[in-house]
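Analysis of the macromolecular model
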There are 2 protein chains.
Amino acid sequence: MSGISHSNTHLIHYYECDQQQNLTLPMLVNLLLHVSGEHSEELGLSDDVLAGRDLSWVIIQYEMHIKRLPQFKETIKIETIARQYNKLFSYRDFFVKDEQGNTIIEVCVTFGLISLSKRKLVRLPENIMEPYGAEFSKSLVRTPRPQKVDIDKAQKRSYHVRYFDIDRNKHVNNSKYLEWTLDALDADFLNQHQLTYATMKFEKEVLYDEKVESLASMEKIDEQFYVTNHHIKSGEQINFTASYNWKAKGE
Amino acid sequence: MSGISHSNTHLIHYYECDQQQNLTLPMLVNLLLHVSGEHSEELGLSDDVLAGRDLSWVIIQYEMHIKRLPQFKETIKIETIARQYNKLFSYRDFFVKDEQGNTIIEVCVTFGLISLSKRKLVRLPENIMEPYGAEFSKSLVRTPRPQKVDIDKAQKRSYHVRYFDIDRNKHVNNSKYLEWTLDALDADFLNQHQLTYATMKFEKEVLYDEKVESLASMEKIDEQFYVTNHHIKSGEQINFTASYNWKAKGE
């Protein structure tokens, strides 16, 4: 594996956890992106430096393999590496390890770079990718597309974008889409199941004061396993799609 | 001042900030309560230990004096001390300091202790207060009551309690009430003004799936200064009240 890695440790605080004291998925992505932000800063490629060149990273896709989510008071280690890039996309891996050094979560993120003035994807400049030691390869890394929501059976919940949903990029922070997808599921289901796999795709940004709908349909594989499929929509526009795999929690 | 103090430092992460890169008020209270939680744990009085005695701390009031909110990438020091207690209430102070040692925020929190099975305030046991070195005094510390909302002029926004709003106490986390109050104000107002003082009172807990309304009225003192008054209501029940003082941000 090419690339220069960066890592940091983090003690899980109570407000980063759900009612069962597990780290929440929205907070997981916040923590991951904090560590990749540190990595970029260390290499002299902070968001401010990029903004000075009219550039900003955007997240296109997440793919996650989750053995378990860390719990309140655990100290985790987050390692990240910019693995590979092509003309338009950069692929960054994250490994979350517990105190014994076991990898409990693996995440691959597909990033794109936009022109801030044009709000459009641009070609990745070599002098931005080179410091990470990322390997150039023409090939695309295929992240499985989320499956379609079964509209007839979907549960729906509506959200009105809040002031604190907006981040310094002036659009809804990526972690909020994850919160909206999960919140459309029943609390009992969330309490009794754990997420084992997720694939997500960002289609179009959501802005302040917009209204979105979170649609979720569920497929039962057997007594233990479920798949849920999710859309976040504003009107007819699909903003975000996701598919999650779940298994029943042990006693 | 009596009491044994505890402190910790914290680096402000981007996801703890608003779109202007200042620490959000909801995240400020999360950080404060993390440090007081550490303090209790250090003294052998963690929430788990208390739960084993059918007890849990609840927040009754916050009073805050804010010179400025820290910014993204700043490292702050949070100091806390259990200052004083009486039959029913414990008063804890927090001091947030910047890297130069200047106190930028002072917060006084009034805590009560409830019986978990009865959901009712109980008398503070001496053997729970004594380890903190807090002074017993019969006198009540008066925290100014929030002013009433001017209903005729109030702005309103509705919220449906989400799965991730609920903490391990199975009710809405205290930081969410603050988010709801602020979110009812205009984004332009929030962007152009900074909070200088807050007094808040928790009246009745809100539970999962409940619907609440956030009402906010504004009083202009002069071109630079405003007071906003807030109610969080579920039906006719007032759950939370707050008054905030604001001043126009400098250039």
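Just above, that's the structure.
Note that the coordinates shown come from a computational prediction; the quantities given were computed from them, not determined experimentally. (Residues numbered from 1 in each chain as written. Chains lettered and ligands numbered in written order. Predicted model: local features only at pLDDT ≥ 70, side-chain atom pairs only at ≥ 80, totals over all residues. Heavy atoms only, no water.)

All names here are of chain B. Where helix 1 (residues 25–42) meets helix 4 (residues 174–183), the closest approach of the two axes is 8 Å, and the angle between their N-to-C directions is 165 degrees. By the angle between their directions, the pair helix 1 and helix 4 is classed as roughly antiparallel. Crossing geometry of helix 1 relative to helix 4 is assigned as right-handed. Residue-level inspection shows Leu25, Pro26, Val29, Asn30 and Leu33 of helix 1 in contact with helix 4, the latter providing Asn174, Ser175, Leu178, Glu179 and Leu182. Grouping the constituent residues of the contact of helix 1 with helix 4 by class yields six nonpolar, three polar and one charged. (Axes fitted to C-alpha atoms, helices over the stretch in contact; angles between N-to-C directions. Helix = DSSP H or I, 4+ residues; strand = E, 2+ residues; numbered from the N terminus. Parallel < 35°, antiparallel > 145°, perpendicular 65-115°, else oblique. Left-handed = near helix turned anticlockwise from the far one by under 90°. Contact = heavy atoms within 4.5 Å. Nonpolar A, V, L, I, M, F, W, Y, C, P; charged D, E, K, R; others polar.)

All right, on to the side chain of A:Ser40 then. Residue and element names in this part refer to chain A. The topology assignment puts Ser40 in helix 1 (residues 25–42). Separated by 2.5 Å, the side chains of Ser40 and Tyr132 make a polar contact. Among all residues touching Ser40, those that are not within four sequence positions of it are Leu45, Ser46, Arg92 and Tyr132. (Polar contact = N/O pair within 3.5 Å; in protein donor to acceptor, adjacent residues only side chain to side chain.)

Residues and elements named next belong to chain A. Applying the stated criterion to the full structure yields 26 aromatic pairs over all chains. A ring pair is formed by Tyr62 and Phe202, whose centres lie 6.0 Å apart and whose planes are at 65 degrees; its orientation type is edge-to-face. Residue Tyr62 is found in strand 2 (residues 55–66), and its partner Phe202 is found in strand 9 (residues 193–202); the two are separated by 140 residues along the sequence. Judged by relative accessible area, Tyr62 falls into the buried class, the value being 0%. (Phe/Tyr/Trp six-rings, centres within 6.5 Å; stacked < 30°, edge-to-face > 60°. Buried < 20%, exposed > 50% of the residue type's maximum accessible area, 1.4 Å probe, protein only.)

The subject of this paragraph is the environment of B:Asn239. Residues and elements named next belong to chain B. With respect to the helices and strands, the residue Asn239 is situated in strand 12 (residues 237–248). Using a relative accessible area of 1% as the deciding quantity, one classes Asn239 as buried. Distance from Asn239 to Tyr132, taken between C-alpha atoms, is 30 Å for residues 107 residues apart in sequence. Among residues more than four places away in sequence, those in contact with Asn239 are Tyr177, Lys201, Phe202, Glu203, Lys204, Glu205, Val206, Ile232, Lys233 and Ser234.

Time to look at the side chain of B:Asn174. All names here are of chain B. Note on placement: Asn174 falls in helix 4. One polar contact links Asn174 to Tyr62, side chain to side chain, over a distance of 2.7 Å. Once residues within four sequence positions are removed from consideration, Asn174 is found in contact with Val29, Leu33, Ile59, Tyr62 and Phe202.

Between the two copies, chain B and chain A, the superposition gives an RMSD of 0.0 Å; the rotation angle is 180 degrees and the shift along the axis is 0.0 Å. Taken together, the rotation angle and the small translation identify this as a two-fold axis. Relative to the rotation axis, the C-alpha of B:Tyr159 is the closest in chain B, positioned 4.3 Å from it. (Least-squares fit on C-alpha atoms with pLDDT ≥ 70 in both.)

With 43 residues of chain B at the contact, the number on the chain A side is 43 residues. Roughly 4,100 Å² is buried in total at the junction of chain B and chain A, and carbon and sulfur atoms are behind 51% of that figure. Considering only the side of chain B, the residues that lose the most area to chain A are B:Arg162, B:Tyr163 and B:Phe164, jointly responsible for 22% of the buried surface there. Our count for the contact surface shared by chain B and chain A stands at six salt bridges. Between B:Lys73 and A:Glu41 there is a salt bridge, with the nearest N and O atoms lying 3.0 Å from each other. The interface formed by chain B and chain A includes 16 residue pairs in polar contact (both at pLDDT 80 or more). Secondary-structure elements contributing two or more residues to the side of chain B that touches chain A are helix 1, strand 8 (155–160), helix 4 and helix 5 (187–192) of chain B. Considering every element that reaches the side of chain B that touches chain A, the biggest residue donor is helix 1 of chain B, with eight residues. (Buried area = accessible area lost by both parts, 1.4 Å probe. Salt bridge = Lys/Arg side-chain N within 4 Å of Asp/Glu carboxyl O.)

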